[in-house]
Amino acid sequence: MNPLHEGWSLRAVPGPQVPAAIAGRAIPATVPGCVHTDLLAAGLIPDPYLDDNERALAWIGRTDWIYTTAFDHAPGRDDRIDLVCAGLDTVATVSLNGVEVGRTENMHRGHRFDVGALLRAGVNTLAVRFDSAYHYAEAHRDRLGDRPNAYPEPFNFIRKMACNFGWDWGPTLVTAGIWQAIGLHTWSVARLATVRPLVTVDRRDGRVELHIEIERAADVPVTVHAAVAGTAGAVMIPAGERTAVVALTVPEPDRWWPRGYGEQHRYPLTVTLLGPEGQTLDTWSRRIGFRSVRLDTARDSHGTAFTLSVNDLPVFVRGVNWIPDDAFPARITRQRLAQRLRQAVDANVNLLRVWGGGRYESEDFYDLADELGLLVQQDFLFACAAYPEEEPFPSEISAEATEQVMRLASHPSLLLWTGNNENFLGWHEWDWQARLARRSWGRGYYLDLLPRIVGELDPTRPYWPGSPWSGSEEIHPNDPAHGTMHVWDVWNTDDYTKYREYVPRFVAEFGYQAPPAYATLRRALSDDPLTPDSPGMTHHQKAADGDLKLRRGLAAHLPQPHDFDDWHWLTQLNQARAIRLGVEHFRSHREVCMGTILWQLNDCWPVTSWSVVDGDGRRKPVWYALRRAYADRLLTIQPRAGGLALVAVNDAPEPWRATASGARLTLAGEPRAKMPLELNVPAWSTVTLALTQDLTRPDDARAELLVVDAGDYAERALWFFAEDKDISWPTPQYDAVVQPTADGNRVRVTARTILRDLTLFPDRLHPAATVDEALVTLLPGESANFTVQAPTPLVPSDLTRRPVLRCGNDLNGEHVTA
């Protein structure tokens, strides 16, 4: 394809809402891109991510916009010239040389228009008009009758990224623009319209069944040739026909495995379309992987299972939910995606769920997931709302789903299709039924249209109608004993210790909030002083009663903060504690629960949210907690019916045999009781060992803790018998040594008293500074090393005191250092 990405300009269609500085002005436009980023680049709007600038930019989404460019064309002898639009956002009218070519109304699909008869020799003018997404959605809402949703925006009446209209973690920035590639495709005789590889494993051999559809400009015989892993085949498509199937069998290929289970072997697959004279007409290529996927939903004594298997091996899902990494998708590069997915891998994640309120991700996203061994659960794009089933929506959704299923079918990382996010839950629990008054709400999509499309086009993968979903309309969709579950009473109404009341089959969403990194806040907010409820902080907290819930969570566990620095540290610490408790609890019940998908990995802008990586790409303390909780081998102390028990979790391919020791200690490190423990944990399993009452019954709950250590086999497990706010902490005392390194410093801290969850925040000294470790608990006499990387030298003494160096018990008094 010959890209048409140069020479674009943008102007607003006149209207009273358009600012005088923009009205009537031609603005340079970047393609791919969107109106917001073009206006920002021209200096005509402030950055919508800073302070409360978002509020002043609502007019953009209620304005119509016109993109125009001119390009030269030299006529050739090709049979066809198509204008290919990979993605138009959203309500677009495309014109070439003043003649309307076509109209679109779906951000999530591409379009192709035959423009050969409209092209001129020499200069041609291409224009794309984008009508306001609001006007379109509100017109359909008024025509069809309103439908309930989670937010007061009409996102369920347009096929567009729903979170553009705002979410409880995202800004309201309703975009428009040519957001994906656009260009001219010249071709003759025939082209490959679709190539759909179904990749399966038959015992030891791999099988590729290629379903080919061609578009013709000439009614002559053509040949499809395909090759993979040294195996090739060809099929002739006679004149008058448009489809073919090429079947290839690859003897004993190396399998593709998710990370932690094996290597990610992939093979180049090429498809070539040949004309009647043997000339190459078109080519297509991908890298595929051979693996099998199965979803077990059998009934058992606990309810209904939800266990995903790859290559016949059950996988405990250690997942995170993925949202669009920027409100303006054209700014997301492959490099940025690689960094974000590497952050997931480094946190021991093995699955990303692409959430249904965003977008179908870029080819780079799925290719990186294939490469890294990250499994992908892909939602169809429906979230938190009742969706109308009247035209034009069924036709658009059918075309959208068909295109995306065929586009993504070649990726071995793609594990599971999911029909929607929380819409069955909304039907049951959010008072939809009375408000709908028998109007359609999307049920037909999730239980009929989408499973039919997946069943026809991608029978190699399972489809699950919703998240959450119990597997039956006769069972509540969020029943923990059946299918998948979302746990949101924790955070919304209940303390995080309530996680322990649930033993679900699979947890597809759960999470806890905290603010972003300090450097992220200081870049995004001009508040002076910065306080938990200063104007910028309040605007960048989108969750209902979010600050109240943060305060409630702190009050249950931690001492009252004295200032903003304390509040920032303690809320981040509380998030880390909540997630570690939840994940370890769910993993300890592996015999029932076979997966956790944390809400959420990433953010799209600087915001207080549930993410582990903030909107500027900085890791919060919870990221380090998740890395520990998702480790292949985990020791965790859990309450059980008979008292406290040690659970050893082994998500590794080899048995885990080790000698461990349990000890009840005072905060000063003095032993009060000891117990030897022998670990013999088979691969992919857990073992629970009861702990003696000597270990589990303290003399003074406010002054003791329980420790189980298995040496280098796994991080030790800790259990404190009281909440931090009630513990008799000593004033933190330690020795700290800072040594320069080639790209930063190494900080060695030796505890003279207990230091709980010792953490360094070097971003307070330089926004690009990072640290390799956090949340380290040291007993008296123990040491820990922290490696700090920074682009410029840091003052060593600043690295060893507040607010850079913190621990969970430092509100008891000032640090004492030597």
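Now for a quick tour of the structure. (Residues numbered from 1 in each chain as written. Predicted model: local features only at pLDDT ≥ 70, side-chain atom pairs only at ≥ 80, totals over all residues. Heavy atoms only, no water.)

A few words on the layout of surface pockets. Taken as a whole, the largest pocket spans an internal volume of roughly 1600 Å³. Elements with a minimum of two residues in the lining of the largest pocket: strand E5 (80-85), strand E9 (111-114), strand E15 (190-202), strand E21 (280-288), helix H4 (334-346), helix H5 (363-372) and helix H6 (393-408). Of the residues belonging to the lining of the largest pocket, the class tally is 18 nonpolar, 10 polar and 13 charged. Taken as a whole, the second largest pocket encloses approximately 930 Å³ of empty space. Lining the second largest pocket are 37 residues; nearest its centre among them are Arg 577, Arg 580, Leu 718, Phe 720 and Arg 756. Across the lining of the second largest pocket, the residue classes tally to 17 nonpolar, seven polar and 13 charged. (1 Å grid on protein atoms, 1.4 Å probe; cavity = no way out; pocket = protein on both sides within 12 Å on 5 of 7 lines; lining within 4 Å. Points joined across faces, edges and corners; volume = space filled by probe spheres on them. Helix = DSSP H or I, 4+ residues; strand = E, 2+ residues; numbered from the N terminus. Nonpolar A, V, L, I, M, F, W, Y, C, P; charged D, E, K, R; others polar.)

So, on to the pairing of strand E22 (residues 293-296). Burial of E22 is one-sided: the residues Val 293 and Leu 295 facing one way are buried, the residues Arg 294 and Asp 296 facing the other way are not. Across four bridges, the pairing between E22 and strand E25 (residues 307-310) is antiparallel. Paired with Val 293 across the bridge in E25 is Val 310. (Buried < 20%, exposed > 50% of the residue type's maximum accessible area, 1.4 Å probe, protein only. Pairing = 2+ DSSP bridges.)

Counted at 1.5 Å a residue, the expected span for helix H14 (residues 564-588) with its 25 residues is 36 Å, and the 36 Å between its end C-alpha atoms agrees. With 23 of 25 residues buried, H14 lies mostly within the body of the structure. N-capping of H14 is provided by Asp 563, with a side-chain oxygen placed 3.2 Å from the backbone N of Asp 565. (Expected span 1.5 Å × (residues − 1). Polar contact = N/O pair within 3.5 Å; in protein donor to acceptor, adjacent residues only side chain to side chain.)

Turning next to unusual backbone geometry. What is expected of a backbone is that most residues other than glycine have negative phi and most peptide bonds are trans. In this structure, the amide linkage connecting Asp 89 to the following residue, Thr 90, adopts the cis form with an omega of -5 degrees. In this fold, Thr 90 is placed in the loop between strand E6 (88-89) and strand E7 (91-96). Note the cis peptide between Ser 467 and Pro 468, where omega equals 0 degrees. Secondary-structure assignment places Pro 468 in the loop between strand E31 (463-464) and strand E32 (485-487). One non-glycine residue, Val 189, adopts positive backbone phi at about 70 degrees. Counting through the fold element by element, Val 189 comes out in the loop between strand E14 (182-187) and E15. Under the relative-accessibility criterion, Val 189 is labelled buried at 14%.

So, on to the pattern of salt bridges. Under the criterion given, the structure shown has 64 salt bridges. A salt bridge links Arg 103 to Glu 100; its shortest N-O distance comes to 3.0 Å. Residue Arg 204 is joined to Glu 252 by a salt bridge in which the shortest nitrogen-to-oxygen separation is 3.2 Å. In this pair, Arg 204 is assigned in the loop between E15 and strand E16 (205-216) and Glu 252 in the loop between strand E19 (243-250) and strand E20 (267-274), connecting sequence segments 48 residues apart. Accessibility expressed as a relative area gives 58% for Arg 204, which makes it exposed. Each member of the salt-bridge network shares a partner with another, and the members are Arg 80, Asp 82, Arg 112, Asp 114, Arg 191 and Glu 215. (Salt bridge = Lys/Arg side-chain N within 4 Å of Asp/Glu carboxyl O.)

Taking burial as the measure, the 10 residues of H5 include seven buried ones, the bulk of the element. Along H5, the residues classified as buried are Phe 365, Tyr 366, Asp 367, Leu 368, Ala 369, Asp 370 and Leu 372. Contacts made by the buried residues of H5 are with strand E27 (317-322), H4, strand E28 (351-354), strand E29 (375-379) and H6. Following H5 by one or two positions, Gly 373 adopts a phi angle in the positive range, close to 80 degrees. (Contact = heavy atoms within 4.5 Å.)

Our next topic: the packing of aromatic side chains. A complete count under the given rule lists 41 aromatic pairs for this structure. Here the aromatic rings of Phe 382 and Tyr 446 are separated by 5.4 Å at their centres, their planes lie at 75 degrees, and the arrangement is edge-to-face. Within this pair, whereas Phe 382 is found in the loop between E29 and H6, its partner Tyr 446 is found in helix H9 (residues 443-457), the two being separated by 64 residues in sequence. As far as burial versus exposure is concerned, Phe 382 and Tyr 446 are alike and both buried. Plain terms: the ring middles of Trp 427 and Trp 441 are 4.7 Å apart, the flat faces sit at 5 degrees to each other, and that makes the pair stacked. (Phe/Tyr/Trp six-rings, centres within 6.5 Å; stacked < 30°, edge-to-face > 60°.)

Glancing now at the sheet that holds strand E48 (residues 805-806). Ordered by their spatial adjacency, three strands build an open sheet running E46-E44-E48, and the pairing between neighbours is antiparallel. In this open sheet, the two edge strands, each paired with only one partner strand, are strand E46 (776-778) and E48. As defined by bridge partners, strand E44 (residues 755-760) adjoins E46 across two bridges and the pair is classed as antiparallel. Paired with Leu 755 across the strands is Leu 778, a residue of E46. Contacts from H14 reach E44 and E48 within the one sheet, and its direction differs from that of E44 by about 110 degrees. (Axes fitted to C-alpha atoms, helices over the stretch in contact; angles between N-to-C directions.)

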